[in-house]
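Coordinates in review
Chain by chain, the residues:
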There are 2 protein chains.
Amino acid sequence: MSPVPSPVDVPSGRPAGVPTPGPGDPALARLSLNQATVQRWTLAQAVDGCLRAGLPAIGTWREPVAEMGLAKAARLLRDSGLRVSSHCRGGFLTGPDAAAALDDNRRAIDEAAELGAPCLVLVVGGLPEGERDLAGVRERMADRLADLVPYALERGVQLALEPLHPVFCADRAVLSTLGQALDIAERFDAAAVGVEVDAYHVWWDPQVYEQIARAGAGGRISSFQACDWVLPLPADTLRGRGMVGDGHADVRSLRRAVDEAGYTGDIEVEIFNEQIWRADGHDVIATLARRHVQYVL
Amino acid sequence: MSPVPSPVDVPSGRPAGVPTPGPGDPALARLSLNQATVQRWTLAQAVDGCLRAGLPAIGTWREPVAEMGLAKAARLLRDSGLRVSSHCRGGFLTGPDAAAALDDNRRAIDEAAELGAPCLVLVVGGLPEGERDLAGVRERMADRLADLVPYALERGVQLALEPLHPVFCADRAVLSTLGQALDIAERFDAAAVGVEVDAYHVWWDPQVYEQIARAGAGGRISSFQACDWVLPLPADTLRGRGMVGDGHADVRSLRRAVDEAGYTGDIEVEIFNEQIWRADGHDVIATLARRHVQYVL
C-alpha cells in the first residue's frame with residue numbers, strides 16, 4: 001500500500017488541484033460541515049468557519065451543543081442562517097439498560113427538533129459483552145427502535161439508521177448494510193425512520209447501488225455523508241477515515257446514486273482522523289471544499 | 001472493550017475448560033490444521049503435529065510446500081494418511097498483469113491436484129493502485145476466473161472463492177460477501193467453482209445463513225474455516241484473528257449451518273495472529289482441539 005496521504009492540502013504543500021470555492025459559489029450549495037471533522041472547535045467556531053468559507057449547512061453533535069447549552073445553540077444556528085443537516089448522534093440501543101438508552105435517545109430527539117435538524121443519526125450499538133447471538137441482538141435493537149418511533153414522529157425528526165462498516169459490527173453497530181437498515185426502517189413510517197448513507201461505511205457493499213435506489217424510492221435517505229476509506233487503519237480503527245480523494249471509495253458515484261434516487265439534502269463531510277483534527281479548522285474546510293468539487297460533484 | 005485474551009490456553013495458565021481430545025477421539029473426526037496457524041513450522045513439523053494430536057487433516061500453503069518440493073510434499077502427505085482439506089492459496093486476479101496471474105494460478109491448481117486437495121482457495125485481490133471502479137474490478141476478476149475454469153475442471157480441483165471481510169475490500173479481496181461470491185460461482189459448473197466459508201470473514205453478514213443454505217444446495221461449499229473476530233485490531237489488520245472462543249463470532253451456529261446445508265468436509269482452523277505464531281505449535285493444536293469441542297461442535 002502507498003503511505004497514508006496528508007489529509008489536509010493546506011498547509012501541507014500538496015497541490016490544491018482546483019481553486020478553493022468561496023462564499024456564493026454554487027459548488028458549495030449543498031456542502032455541510034459535520035462538526036466531528038473539526039473536533040477541537042466549539043460550536044461557535046464551527047459556525048463561524050462555515051460562514052467564512054461559504055458553507056450553507058452544518059451537522060451538529062450532541063456534546064458541543066450541550067457545552068454551549070441547547071437554547072443558546074439553537075438561537076446561534078437560527079441567527080447564522082445555516083441549515084442543520086443532521087444531529088449526531090443517538091442509538092446504542094443494544095446494551096443491558098434499555099430504559100436509560102431510550103431516555104437518552106428521547107433527549108437527543110428533542111435536541112434535533114429544537115436545532116431544526118431534519119434527522120437524528122443513530123449508531124445502533126454493538127454486541128453486549130460476551131454475547132454472540134447477533135441475530136437476537138439485532139432484533140432487540142429493532143424492538144427498542146420501535147419504542148422511539150412515536151416520539152420521533154410527534155417531534156418531526158426522522159431517525160436515520162446508520163449502517164456502519166462491518167469492521168465495527170462487534171463493538172459499535174450490529175447494523176452493517178444499507179439493505180439490512182432498510183429491512184428494519186421499512187417496518188415503520190418513512191417520516192419516522194430513514195437511513196444514513198455514509199460513503200465510508202457502505203462503499204464496499206456489492207448491493208449498495210440497488211439499496212440506495214430502494215431507500216430513495218421509499219423516501220428514506222435521511223442524510224448523505226462523504227468520507228474516504230484510507231489504509232492502513234490506525235490503532236484506533238474509528239479514527240482511520242480520510243478526506244475524500246485520498247482513498248479507495250468512489251464517493252462521486254455514490255453521490256450521483258443518492259441524487260438519482262431523489263435525495264436533495266446536504267452532502268455532509270464527517271471525518272474522524274487525528275491528523276485532520278490537529279490541522280487548522282479553516283484549512284480543513286478549504287480542503288474539503290476543493291475535494292467536494294474534485295471528487296464529489 | 002476487554003483486553004485481547006491470551007490466544008493459547010497452554011502454557012498461559014488460562015483454564016482449559018475441557019480435557020484435550022486425543023488421537024482416536026471422535027470429536028476430532030473433521031478437525032483440520034491449516035498450516036498458516038503454525039506459521040513457523042515446516043510442512044514436516046505440521047504433519048507430525050497433526051499426527052501426534054490425532055488430527056486427521058491438514059490445509060496446506062504454497063510456500064511451505066514449495067520449500068519441501070511438491071513431489072516430496074505430496075508423498076509425505078500420502079504416507080501420513082492425513083487428508084488435505086484445502087490448498088492455500090491462489091487468486092490475486094485484479095492486478096494489471098493478467099497473464100502472470102493466470103500462470104501462477106494454473107501452477108497452484110496443479111499443486112492442489114498433486115497434493116490431493118479437493119479445492120484451491122482463492123483470495124481474489126483488491127483494487128489496483130488508484131482504481132476506484134469497484135464494480136469494474138469485480139467484473140474483470142470474474143473474467144479472469146472464467147479463464148481458469150477449464151483448467152480446474154480438467155484437474156479435478158474446485159476453485160474456492162473466498163469472500164474476505166469488507167475491511168480487506170480495498171487491498172486484498174473485492175469479494176466481500178458469500179452472496180456476491182455465489183453470484184459469480186454460479187456462472188460456472190459447481191465442480192469448478194465453489195466458495196470458502198470462513199467464519200472470520202462472514203460472521204457479521206446479515207444474509208450469511210441464507211447464503212450458506214444457497215451454497216450448500218448448489219454443492220458449492222468447498223471448505224469451512226473456523227476462526228474468531230477479536231478486538232482491538234492490531235496494526236497489521238491481517239494478523240488480528242483469534243482462537244475460536246476468544247471473540248465475537250458465533251462459530252458454532254455457522255458450523256451447524258454448513259452441516260445442515262450438506263457440507264461433510266473438514267473444519268479447518270486458520271488463524272493469522274502473531275501471539276499464536278510465537279507459541280509452541282503443539283500447544284496451539286491442543287488449544288484449538290479443545291476449543292473445537294467447546295465452541296464449534
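Residues numbered from 1 in each chain as written. Chains lettered and ligands numbered in written order. Predicted model: local features only at pLDDT ≥ 70, side-chain atom pairs only at ≥ 80, totals over all residues. Heavy atoms only, no water.

Examining the packing of aromatic side chains
Applying the stated criterion to the full structure yields nine aromatic pairs over all chains. Residues Tyr200(A) and Trp229(A) carry aromatic rings whose centres are separated by 5.1 Å and whose planes lie at 35 degrees to one another, so their mutual orientation is tilted. In this pair, Tyr200(A) is assigned in helix α8 (residues 199-202) and Trp229(A) in strand β8 (residues 228-229), connecting sequence segments 29 residues apart. Across the pair, Trp229(A) and Tyr200(A) agree in class, each one buried. Taken together, the ring pairs connect Trp61(A), Phe272(A) and Trp277(A) into an aromatic cluster. Stacked on the ring of Tyr151(A), the Lys or Arg Arg155(A) has its end atom at 3.7 Å from the ring centre. Positioned over the ring face of Phe272(B) is Arg241(B), at 4.2 Å from the centre of the ring. (Phe/Tyr/Trp six-rings, centres within 6.5 Å; stacked < 30°, edge-to-face > 60°. Helix = DSSP H or I, 4+ residues; strand = E, 2+ residues; numbered from the N terminus. Buried < 20%, exposed > 50% of the residue type's maximum accessible area, 1.4 Å probe, protein only. Lys NZ or Arg CZ within 6 Å of the ring centre and 35° of its normal.)

Some details on the interface of chain A and chain B
The interface of chain A with chain B comprises 35 residues on the first partner and 35 residues on the second. Both faces combined, the contact of chain A with chain B buries some 2500 Å², and carbon together with sulfur accounts for 61% of it. It is Arg132(A), Trp204(A) and Pro206(A) in chain A that bury the most area against chain B; as a group they hold 24% of the surface buried on that side. Counting across the chain A and chain B interface gives zero salt bridges. Linking chain A with chain B are 10 residue pairs in polar contact (both at pLDDT 80 or more). Only α6 (134-155) and β8 of chain A provide two or more residues apiece to the side of chain A that touches chain B. In terms of residue class, the side of chain A that touches chain B is built from 16 nonpolar, 10 polar and nine charged. (Contact = heavy atoms within 4.5 Å. Buried area = accessible area lost by both parts, 1.4 Å probe. Salt bridge = Lys/Arg side-chain N within 4 Å of Asp/Glu carboxyl O. Polar contact = N/O pair within 3.5 Å; in protein donor to acceptor, adjacent residues only side chain to side chain. Nonpolar A, V, L, I, M, F, W, Y, C, P; charged D, E, K, R; others polar.)

Some points on helix α12 (residues 281-296) of chain B
With 12 of 16 residues buried, α12(B) is to be regarded as a mostly interior element. Taken together, the buried positions of α12(B) are occupied by Gly281(B), Asp283(B), Val284(B), Ile285(B), Ala286(B), Thr287(B), Leu288(B), Ala289(B), Arg290(B), Arg291(B), His292(B) and Val296(B).

Re the sheet that holds strand β3 (residues 83-91) of chain B
Residue and element names in this part refer to chain B. With parallel pairing, the eight strands of this closed barrel are ordered in space as β1-β2-β3-β4-β5-β6-β7-β10. Each adjacent strand pair in this sheet contributes to an overall mean axis angle of 30 degrees, direction not counted. In terms of strand pairing, strand β1 (residues 31-34) meets strand β10 (residues 267-269) through three bridges, oriented parallel. Residue pairing for β10: Leu31 is matched across the bridge by Ile267. Contacts from helix α6 (residues 134-155) reach β4 (119-123), β5 (158-161) and β6 (193-198), with the element oriented near 145 degrees to β5. (Pairing = 2+ DSSP bridges. Axes fitted to C-alpha atoms, helices over the stretch in contact; angles between N-to-C directions.)

Some points on unusual backbone geometry
All names here are of chain A. Here Cys88 and Arg89 are connected by a cis peptide whose omega angle stands at -15 degrees. Look at Phe92: it is not a glycine, yet its phi comes out positive at around 50 degrees. Relative to the assigned elements, Phe92 resides in the loop between β3 (83-91) and α5 (98-115).

Digging into the packing of helix α7 (residues 178-185) of chain B against helix α9 (residues 208-217) of chain B
Residues and elements named next belong to chain B. At a closest axis distance of 9 Å, the pairing of α7 and α9 adopts a crossing angle of 25 degrees. With respect to α9, the axis of α7 lies roughly parallel. Handedness of the crossing formed by α7 with α9: left-handed. Of α9, the residues touching α7 (which contributes Leu178, Gly179, Leu182 and Asp183) are Val208, Gln211, Ile212, Arg214 and Ala215. Its residues placed into classes, the contact of α7 with α9 shows five nonpolar, two polar and two charged. (Parallel < 35°, antiparallel > 145°, perpendicular 65-115°, else oblique. Left-handed = near helix turned anticlockwise from the far one by under 90°.)

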